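Observations on the three-dimensional arrangement
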Amino acid sequence: MSLKHLDLGCGTRPKNPFGHPDLHGVDIRADSAALSDATIATANLSVGPIPYADNSFDSVSAYDFFEHIPRVALDYANQTSRFPFIELMNEIWRVLKPDGVLYAVTPAFPHEKALRDPTHVNIITAKTHRYFTAPEVMARMYGFAGEFRLIRQCWVHPRGAYEPTNPGFAHRLRAIGERISGQQSHLVWEFSATKKAANNK
């Protein structure tokens, strides 16, 4: 069985940081025909689930996507609220196989790029991962049902995000210069889904 990857908010060109042979994407636009062999599903992940079954993917990526998912959605008519970002993290955990990997690249505070775009409604910081990763998993109090293990978190320049498969010496050297000059505006999250393989939960 070939390894499967899912790219969230993929547009027409799903990214595949691990180079898995079976590539899928999800995008809000119904006309996102893939400019590759990828299969693209249509869904608005701010309001609905990822349209795939449990334990479907070996890896999931999200590039410049998390910042567009609201933290809180209010329904004034019914006097209720929900937490779309918590729900999305639940969905990512659900569709990942045991030990499947989430790889996300997101503009983060305190860099101004986290706040520059008026559609950025979810500001990530260097400590936000604690809500989803062991040992704290602090988002349980908001309904997060999964658990991730932190593999790696680091600051990067979005032009050359530190891909997990082959960072290379030249990339590492450039990253040092970007860190010194203050150009590193994005956080990389690399998480592993903690699940029991026996019952796939």
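Bear in mind the structure is a predicted one, so any value in this text is a computation, not a measurement.

Right, let's talk about the pattern of salt bridges for a bit. Counted by the stated rule, this structure contains eight salt bridges. The partner of Arg29 in a salt bridge is Asp27, and the shortest N-O contact between them spans 3.1 Å. By relative accessible area, Asp27 is classed as buried at 6%. Where Glu190 meets Arg152, a salt bridge forms, and the shortest distance between an N and an O atom there is 2.6 Å. A residue pair is termed long-range when its members are at least 10 positions apart, and Glu190 in strand β9 (residues 186-193) and Arg152 in strand β8 (residues 148-156) qualify at 38 residues. Both residues of the pair, Glu190 and Arg152, belong to the buried class. Connected via shared salt-bridge partners are Asp54, Glu91 and Arg94.

Tracing the chain through its elements places Lys4 in strand β1 (residues 4-8). In this structure Lys4 touches His20, Asp22, His24, Ser56, Phe57, Asp58 and Ser59, once residues within four positions along its chain are discounted.

Along the chain, Val188 falls in strand β9. Given the relative accessible area of 0%, Val188 is considered buried. Apart from residues lying up to four places away in sequence, Val188 is in contact with Tyr103, Ala104, Val105, Arg152, Gln153, Cys154 and Val156.

β1 sits mainly inside the fold: five of its five residues count as buried. The sheet contact formed by β1 and strand β2 (residues 22-27) spans five bridges and is parallel. What sits directly across from Leu6, in β2, is His24. Inspection of the sheet shows β1 paired to strand β4 (residues 57-63) by four bridges, in the parallel sense. The partner of Asp7 across the bridge, within β4, is Ser61.

Right, let's get into the packing of aromatic side chains. Scanning the entire structure with this criterion turns up 12 aromatic pairs. Note on Phe66 and Phe85: the rings are 5.3 Å apart at their centroids and 70° apart in plane angle, and the pair reads as edge-to-face. Separated by 19 residues along the polypeptide, Phe66 in the loop between β4 and β5 (73-75) and Phe85 in helix α1 (residues 84-95) bring together distant segments of the chain. Judged by relative accessible area, which is 0%, Phe66 ranks as buried. Site record: aromatic cluster; members linked through ring pairs are Phe66, Phe85, Phe132, Phe144, Phe148, Trp189 and Phe191. Over the ring of Phe57 we find Lys4, and its NZ or CZ is 5.0 Å from the ring centre. The positively charged end of Lys15 is found above the aromatic ring belonging to Tyr63, 5.2 Å away from the centroid.

Reading the values: the criteria
- Residues numbered from 1 in each chain as written.
- Predicted model: local features only at pLDDT ≥ 70, side-chain atom pairs only at ≥ 80, totals over all residues.
- Heavy atoms only, no water.
- Salt bridge = Lys/Arg side-chain N within 4 Å of Asp/Glu carboxyl O.
- Buried < 20%, exposed > 50% of the residue type's maximum accessible area, 1.4 Å probe, protein only.
- Helix = DSSP H or I, 4+ residues; strand = E, 2+ residues; numbered from the N terminus.
- Contact = heavy atoms within 4.5 Å.
- Pairing = 2+ DSSP bridges.
- Phe/Tyr/Trp six-rings, centres within 6.5 Å; stacked < 30°, edge-to-face > 60°.
- Lys NZ or Arg CZ within 6 Å of the ring centre and 35° of its normal.

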